[in-house]
Amino acid sequence: LIFDDFSENSASFPRNEFADHLIEWFRDQSRDLPWRNTDDPYAIWISEIMLQQTRVETVIPYYQAWMQRFPDVSTLAQASEEDVLTQWQGLGYYRRARFILRAAKMIEHDFGGSLPSTRKELKQLPGIGSYTSGAIAAFAFHEPEPAVDGNVLRVMARVFADDSDIAKASTRTSYEKAVVELIPPDRAALFNEALIELGATVCTPTSPSCLLCPVREFCESHRQGIQETLPIKKNRTKVRDEVRFAWLLNDETGQFLVGQRPSDALLGGLWEYPLLETEPKSAANGVMEAEELGSVRHIFSHIRRTIHLHQVQLEDSESAIISRIEEQYADIRWLSPGEEDSLPLSTMMQKMLRVVREAE
Ligand code: SF4
């Protein structure tokens, strides 16, 4: 309830001391990450998008390679979607890469080539939501804006012993308002970064290291011994199982067929062996012969997918199944072995390729 009227209800909270302890700890202990040594808004934007739902260690080499390949907004705005997806390959959640490209074009055309500095304008760009707009405004432009990610939600819930459901948008909004009140106006970037770092390294989801915590003396849940029961997060998305069949089709020259996923679909723009719900065993689909090579599993945010890979021989190349694949994919191509390496492939496709190469 403290967040219902944070100004009033936290009047006795020692804001300055809290910020001083936190920032001092951050200056001493924080990890040296490549995007922390810059206040280039472009570099911060790219790092923040890459870090969404992705571990820091995974992001570092991608970030460095990206900044070499696309060092500024205008270089990026001129790139093709295929180039951008290839550079992103393996990071997952590919929508992020397509949003970055669209946003770069908008920045070039509508904002004179520079990222806007206000949260409101930043939010107009594709892929930039509440957290990322706050992070860019605070880290790059030193605006007293909140950058509330999952780490900060957890720290705030624990420091103030609040049992609101952090999966709710209304909880995030009230925490953002509270963070704005806690930000020392002259140290917006440091304060926000320190809160995030505290959640990432000390106030971790399980077994928070309270003994090492720089704000332990201000933490209500630690005082009550309830820190491990917070935050409350009610899970609304159920994971569902899905089975698909990968049809490995070769033509008479040894080329094989791949399809490009439609850009508005999950993993849009990426190439893969044609995946169908139909098992390739029925003569009705023009299948002469099918041999199962193995299977792979892949988990997306809400889908647990099992794919069975079949080497399939069709009765004729005009088969109805090819038309079905053409309908399902934005584009199809026949590739010679090795050519797939120049296309943006999903992690799922890379797993399938490993199975096929092992079977050869
Ligand atoms: Fe988190 Fe423990 Fe620090 Fe409280 S004292 S903020 S629960 S690490």
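This text goes with the structure placed above it.
Residues numbered from 1 in each chain as written. Predicted model: local features only at pLDDT ≥ 70, side-chain atom pairs only at ≥ 80, totals over all residues. Heavy atoms only, no water.

## Observations regarding the site of the ligand
Argument step 1. Close to the ligand lie Arg 158, Val 159, Val 202, Cys 203, Pro 208, Cys 210, Cys 213, Arg 216, Cys 219, His 222 and Gln 227, which account for all nearby residues.
Argument step 2. Here the ligand occupies the largest cavity.
Argument step 3. By residue class, the composition of the shell around the ligand is 7 nonpolar, 2 polar and 2 charged. (Near = heavy atom within 4 Å. 1 Å grid on protein atoms, 1.4 Å probe; cavity = no way out; pocket = protein on both sides within 12 Å on 5 of 7 lines; lining within 4 Å. Sits in = over half its atoms within 2 Å of the grid points. Nonpolar A, V, L, I, M, F, W, Y, C, P; charged D, E, K, R; others polar.)

## A short note on helix 9 (residues 130–139)
Argument step 1. Along helix 9, 9 of the 10 residues are buried, which leaves the element largely enclosed by surrounding structure.
Argument step 2. Residues of helix 9 that are buried include every one of Tyr 131, Thr 132, Ser 133, Gly 134, Ala 135, Ile 136, Ala 137, Ala 138 and Phe 139, and no others.
Argument step 3. Where the residues of helix 9 are buried, they touch helix 3 (41–51), helix 8 (119–122), helix 11 (169–182) and helix 12 (188–201). (Buried < 20%, exposed > 50% of the residue type's maximum accessible area, 1.4 Å probe, protein only. Helix = DSSP H or I, 4+ residues; strand = E, 2+ residues; numbered from the N terminus. Contact = heavy atoms within 4.5 Å.)

## Topic: unusual backbone geometry
Argument step 1. With an omega dihedral of -5 degrees, the bond running from Leu 230 to Pro 231 counts as a cis peptide bond.
Argument step 2. The topology assignment puts Pro 231 in the loop between helix 13 (220–224) and strand 1 (240–249).
Argument step 3. Of note, the phi angle at Ser 207 is positive, near 45 degrees, even though the residue is not glycine.
Argument step 4. Looking at the secondary structure, you find Ser 207 in the loop between helix 12 and helix 13.

## Some thoughts on the pattern of salt bridges
Argument step 1. Under the defined criterion, the tally for this structure stands at 21 salt bridges.
Argument step 2. In this structure, Arg 240 and Glu 242 form a salt bridge, with 3.0 Å as the shortest nitrogen-oxygen distance.
Argument step 3. According to the relative accessible area criterion, Arg 240 is partly exposed, its value standing at 43%.
Argument step 4. Here Arg 305 and Glu 242 are joined by a salt bridge, their closest N and O atoms 2.7 Å apart. Remark: Glu 242 occurs in strand 1 and Arg 305 occurs in strand 6 (residues 303–314); sequence separation between them is 63 residues. The residues Arg 305 and Glu 242 share a single accessibility class, namely buried. (Salt bridge = Lys/Arg side-chain N within 4 Å of Asp/Glu carboxyl O.)

## A short note on the layout of surface pockets
Argument step 1. Its boundaries defined by the atoms lining it, the second largest pocket holds a volume of some 270 Å³.
Argument step 2. Breaking the lining of the second largest pocket down by element, the ones donating at least two residues are strand 1, strand 2 (256–260) and helix 15 (347–359).
Argument step 3. If one sorts the elements of the lining of the second largest pocket by residue count, helix 15 sits on top with 3 residues.
Argument step 4. Split into classes, the residues belonging to the lining of the second largest pocket amount to 9 nonpolar, 4 polar and 3 charged. (Points joined across faces, edges and corners; volume = space filled by probe spheres on them.)

## Looking at empty space enclosed by the protein
Argument step 1. This model, assessed by the stated rule, comprises 1 cavity of 30 Å³ or more.
Argument step 2. Of the volumes computed, that of the largest cavity is approximately 110 Å³.
Argument step 3. Of all the secondary structure elements, the ones that give two or more residues to the lining of the largest cavity are helix 10 (150–159) and helix 13.
Argument step 4. For the lining of the largest cavity, the element with the most residues is helix 10, which contributes 3 residues.

## Quick look at the nonpolar core
Argument step 1. In terms of nonpolar packing, the biggest core is built from 115 residues, with Phe 18, Tyr 42, Trp 45, Trp 66, Leu 76, Phe 191 and Tyr 273 touching the most fellow members.
Argument step 2. Among the elements that take part in this core, helix 3 stands out by supplying 8 residues, more than any other.
Argument step 3. If we ignore the near neighbours within four places in the chain, the residues touching Trp 66 are Tyr 42, Ile 46, Met 50, Pro 71, Leu 76, Val 84, Gln 87, Trp 88 and Ile 100. (Core = buried A, V, L, I, M, F, W, Y, C linked by side-chain atoms within 4.5 Å.)

## Considering the sheet that holds strand 3 (residues 271–272)
Argument step 1. Pairing is antiparallel across the open sheet formed by 3 strands, whose spatial order is 3-2-7. For this open sheet the edge positions go to strand 3 and strand 7 (331–335), each flanked by a neighbour on one side alone.
Argument step 2. Here strand 2 runs beside strand 7; their pairing, made up of 5 bridges, is antiparallel. For Val 258, the partnering residue across the bridge sits in strand 7 and is Arg 333. (Pairing = 2+ DSSP bridges.)

## Focus: the sheet that holds strand 4 (residues 275–276)
Argument step 1. The sheet built from 4 strands is open, its strands ordered 4-1-6-5 with mixed pairing. For this open sheet the edge positions go to strand 4 and strand 5 (287–299), each flanked by a neighbour on one side alone.
Argument step 2. Judged from the 2 bridges that link them, strand 1 and strand 4 form a sheet pairing that is antiparallel. Along strand 4, the bridge assignment pairs Phe 245 with Leu 276.

## Digging into the environment of Ala 65
Argument step 1. By the secondary structure assignment, Ala 65 is in helix 4 (residues 56–69).
Argument step 2. Sequence separation of Ala 65 and Gln 87 is 22 residues, and the distance between their C-alpha atoms is 7.9 Å.

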